[in-house]
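Take a look at the letters that make up each chain.
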Amino acid sequence: MNTKVNLAGVQLKNPVMTCSGTFGSGMEYGEMVDLNRLGAVVTKGIANVPWPGNPTPRVTEVYGGMLNAIGLQGPGVDVFIERDIPFLKQYDTKIIVNVCGKTKEDYLDVVERLGETDVDMLEINISCPNVKAGALAFGQDPKVAEDITAAIKKVAKQPVIMKLSPNVTDISEMAKAVEAGGADVVSLINTITGMKIDINRRTFALANKTGGMSGPAVKPVAVRMVYQAAQAVKIPVIGMGGIMTADDALEFILAGATAVAVGTANFVNPCTTAEIVDGIEAYMKKYGVEDINELIGAVR
């Protein structure tokens, strides 16, 4: 049985990876999950300088999921290169670094510095709804998205994944825009902008007022958008959004995703990713599927 998939020349042992921001940089989960079992570890967002993130409270539960407004808190690229890459290199898994920035120059700085490191792919976050500067404009305007993709591709040494926002009118248009800019892969969806109000305190549940909604409630929206993106572009698609089980992951693959990323489920059950790897293999055995690639976009 073949579970290997190919993302722009990078071969993953299986299609299961982590969602940026839900798995740290792997170290935080390393004692609970055998990272060797994963197709790839996608790190939390890395900026060119340390980011403090948003004020607290910045996480709250909602029906069918959660809202977060972390604001991409992180130590910056220097600490990441010194501490996290050597840790991840101990494991037989691909390393995908999520890159964030507030300006085009911020993104290019990180991409250039990672070009000298031994990481496999870059995922460019142009779609986080919780950072007031930069990302919103980059992720919601097709022309701007195409331009920043092209600028990043000029300096990137690794294949580039562009992460798309669902907070747009036409996801197909955005997918086509980054493909035109030279993207090697697209990933989607990032979180859906939401709000929760504490009726007893008569205030916002998040200090940021709004946050990104994730979890099982967003999955139908995510599956639909992944299907539309896969129909619109010729490059591979990574699907994510509310994946809790192997059945969920298989929906995305059948809709056209070459690989899938698991996010909020990691908070509920840290072993979800490994269980999904097992579940996909069990499904393939049950239905006599010899090659996972036969399932990609197989829905009719």
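Residues numbered from 1 in each chain as written. Predicted model: local features only at pLDDT ≥ 70, side-chain atom pairs only at ≥ 80, totals over all residues. Heavy atoms only, no water.

Re helix α5 (residues 171–180)
Counted only if it meets this: Buried means the residue's accessible area, taken with a 1.4 Å probe over protein chains only, is under 20% of the maximum for its type, while exposed means over 50%, and partly exposed covers the values in between. Helix and strand labels come from DSSP, where a helix needs a run of H or I of at least four residues and a strand needs a run of E of at least two; each type is numbered from the N terminus. Pairs of N or O atoms within 3.5 Å make up the polar contacts considered here, provided that, within protein, one atom can donate a hydrogen while the other can accept it, and that residues adjacent in sequence are counted only when both atoms are side-chain atoms.
Those residues of α5 that fall on the buried side of the exposure criterion are I171, S172, M174, A175, A177 and V178. The N-cap residue of α5 is D170: its side-chain oxygen and the backbone nitrogen of S172 are 3.0 Å apart.

Section: unusual backbone geometry
Here the residue pair T56 and P57 is connected by a cis peptide bond, since its omega of 0 degrees sits within 30 degrees of zero. For P57, the location among the structural elements is in the loop between β4 (40–42) and β5 (59–62). In this model, L188 is joined to I189 through a cis peptide bond whose omega is 10 degrees. Tracing the backbone shows I189 in the loop between β10 (185–188) and β11 (192–195). Here the phi dihedral of L72 falls at roughly 60 degrees; this positive angle occurs in a residue that is not glycine. In this structure, L72 sits in the loop between β6 (65–68) and α1 (77–88).

Notes on the sheet that holds β5
The condition is simple: Here, strands pair whenever DSSP counts at least two bridges between them. In this analysis, axes come from line fits to C-alpha atoms, helices being fitted only over the stretch in contact, and the angle between any two N-to-C directions falls in the range 0 to 180 degrees.
Read from one edge to the other, the open sheet built from four strands follows the order β5-β6-β14-β11, with strand pairing classed as antiparallel. Of all the strands in the sheet, the pair left with one neighbour each is β5 and β11. Each adjacent strand pair in this sheet contributes to an overall mean axis angle of 40 degrees, direction not counted. Taken together, the four bridges between β11 and strand β14 (residues 210–214) define a ladder with antiparallel strand orientation. Bridge pairing in β14 links T193 to G212.

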